[in-house]
There are 2 protein chains.
Amino acid sequence: MKELKDRIRKDGKIKAGNVLKVDSFLNHQMDIRLFEKIGQEFKRRFADAEINKILTIEASGIGIACVVAQSFDVPVVFAKKTQTKNIAGEVYTTKVESYTHGRIYDIIVSKEFLGKGDKVLLIDDFLANGKALEGLAQLVADSGAELVGAGIVIEKGFQVGGDMLREKGIRVESLAIVDSMDDKTGTITFRGDDADEQ
Amino acid sequence: MKELKDRIRKDGKIKAGNVLKVDSFLNHQMDIRLFEKIGQEFKRRFADAEINKILTIEASGIGIACVVAQSFDVPVVFAKKTQTKNIAGEVYTTKVESYTHGRIYDIIVSKEFLGKGDKVLLIDDFLANGKALEGLAQLVADSGAELVGAGIVIEKGFQVGGDMLREKGIRVESLAIVDSMDDKTGTITFRGDDADEQ
């Protein structure tokens, strides 16, 4: 998605340790008009698929998922990272290792909101080592719902997550795949532009 | 907002301890079409105000804020609940006591995304004891930005938050104010319908 790659080049900040900060428009401050275009692009890519629910994970996936959901006209469910007293007792749960926070946490989805008959698109802002997506896919499998695929805004193509999920047979559509980046020069190399790049 | 109150009566679940569960459409599974109407109603109520940024707090405020932001054509910033290594070092921060989780946590916003010249609307799903809103208002004050008001989906009118914030001079617009609820009978009493109820 050309507009997204241009925006990453313009406003993204590369930090040591292969950290790409896009918090001015994607995951701290959020450019809602860009999110609308991201939603239209996911809709274009999954035009052939039947989808009746979007599943994401708190926190930074939620805003993107909600705007993307408008293009699909479906509800969003977000997986929560810890059990709170306001959640129903009956939940699907699995463990996820966080790269950002360096710890393992539980993610949960109420059984009321995911189950047989659901055709689920996963949405998240980043795909790096794939642990969060793998956890969401596990919740979908546990619930008896069908996993249609995953829509990712930025994939770190040099980390293992994308390959790992695709090898499992999950359809992953990433709008920008970063193959390499250099914090010294500030350059980002994206995986070759698709023929249908917009 | 009549449609919202009707939906709360239809799908809300009253639990002992004055807990109102609306997680089938508001804060776990999210009805995006309802969020669009919520955004239009906030826009109608704040039509006289100049607003150039929406501030919310993770996690359940984010989805609502992002859809509401479409009606105002402004970016969203969400306050994060803990410091992660992906956040800039330069942040505004304050402490918030969580009613739901029974603990005190830090909320932070990067100084890059809030400051002088910003005219800020706070958006959140619930207002009960008002601690989260009070924390967000503090971040706005610390940043030198102007606080225009707060748009709340559901206010628990029998808890102290709404009165406390209004006494501080904050303009609070709540789309549904619950004055009482009874988990035995399942009845909810909303504060009297406004003349301009839609």
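Residues numbered from 1 in each chain as written. Chains lettered and ligands numbered in written order. Predicted model: local features only at pLDDT ≥ 70, side-chain atom pairs only at ≥ 80, totals over all residues. Heavy atoms only, no water.

(A) Region of interest: helix 3 (residues 60–72) of chain A. Residues and elements named next belong to chain A. A maximum bend of about 25° is found in helix 3 at cysteine 66. Within helix 3, twelve of the 13 residues are buried, which leaves the element mostly enclosed by the surrounding structure. Ser60, Gly61, Ile62, Gly63, Ile64, Ala65, Cys66, Val67, Val68, Ala69, Gln70 and Phe72 are the residues of helix 3 that are buried. A positive backbone phi angle near 55° is found at aspartate 73, which sits one or two residues after helix 3. (Bend = angle between axes of the 7 residues up to and from the residue. Helix = DSSP H or I, 4+ residues; strand = E, 2+ residues; numbered from the N terminus. Buried < 20%, exposed > 50% of the residue type's maximum accessible area, 1.4 Å probe, protein only.)

(B) The interface of chain B and chain A, seen in detail. Chain B puts 43 residues into the contact, and the matching count from chain A is 43 residues. Summed over both partners, the interface of chain B with chain A buries about 3,600 Å², with 56% contributed by carbon and sulfur atoms. Linking chain B with chain A are four salt bridges, by the criterion used here. The salt bridge involving Arg33(A) is made with Asp73(B); its shortest N-O contact spans 2.8 Å. Only strand 2 (19–21), strand 3 (29–30), helix 2 (32–45), helix 3 (60–72), strand 5 (76–79) and strand 7 (103–110) of chain B provide two or more residues apiece to the side of chain B that touches chain A. Sort the elements by how many residues they give to the side of chain B that touches chain A and helix 3 of chain B lands first, with seven residues. Class assignment for the residues of the side of chain B that touches chain A results in 20 nonpolar, twelve polar and eleven charged. Strand direction decides the pairing type here: strand 3 (residues 29–30) of chain A and strand 5 of chain B, joined by two bridges, are antiparallel. (Contact = heavy atoms within 4.5 Å. Buried area = accessible area lost by both parts, 1.4 Å probe. Salt bridge = Lys/Arg side-chain N within 4 Å of Asp/Glu carboxyl O. Nonpolar A, V, L, I, M, F, W, Y, C, P; charged D, E, K, R; others polar. Pairing = 2+ DSSP bridges.)

(C) Fine view of the nonpolar core. If you look at the biggest cluster of nonpolar residues, it comprises 82 residues, and the most contacted ones within it are Leu20(A), Ile38(A), Ile54(A), Leu4(B), Leu20(B), Ile38(B) and Ile54(B). If we ignore the near neighbours within four places in the chain, the residues touching Leu20(A) are Ile8(A), Gly12(A), Lys13(A), Ile14(A), Phe126(A), Ile154(A), Lys156(A), Val178(A), Met181(A) and Ile188(A). (Core = buried A, V, L, I, M, F, W, Y, C linked by side-chain atoms within 4.5 Å.)

(D) Up close: the pairing of strand 4 (residues 53–57) of chain A. Residues and elements named next belong to chain A. The buried fraction of strand 4 is high, at five of five residues. Along strand 4, one buried face is formed by Lys53, Leu55 and Ile57 and the opposite face, lined by Ile54 and Thr56, is buried too. In the sheet, strand 4 pairs with strand 8 (residues 119–127) via three bridges, with the strands oriented parallel. Directly across from leucine 55, in strand 8, lies its bridge partner leucine 122. Between strand 4 and its parallel partner strand 5 (residues 76–79), the chain crosses via helix 3, and the hand of that crossover is right-handed. (Right-handed = clockwise from strand over helix to strand, strands pointing away.)

(E) Structural view of the side chain of Glu155(A). All names here are of chain A. Looking at the element boundaries, glutamate 155 is found in strand 9 (residues 146–156). Polar side-chain contacts of glutamate 155 include one of 2.8 Å to the side chain of arginine 166. What glutamate 155 contacts, discounting residues up to four positions off in sequence, is Leu127, Gly162, Arg166, Val172, Ser174, Ala176, Ile177 and Val178. (Polar contact = N/O pair within 3.5 Å; in protein donor to acceptor, adjacent residues only side chain to side chain.)

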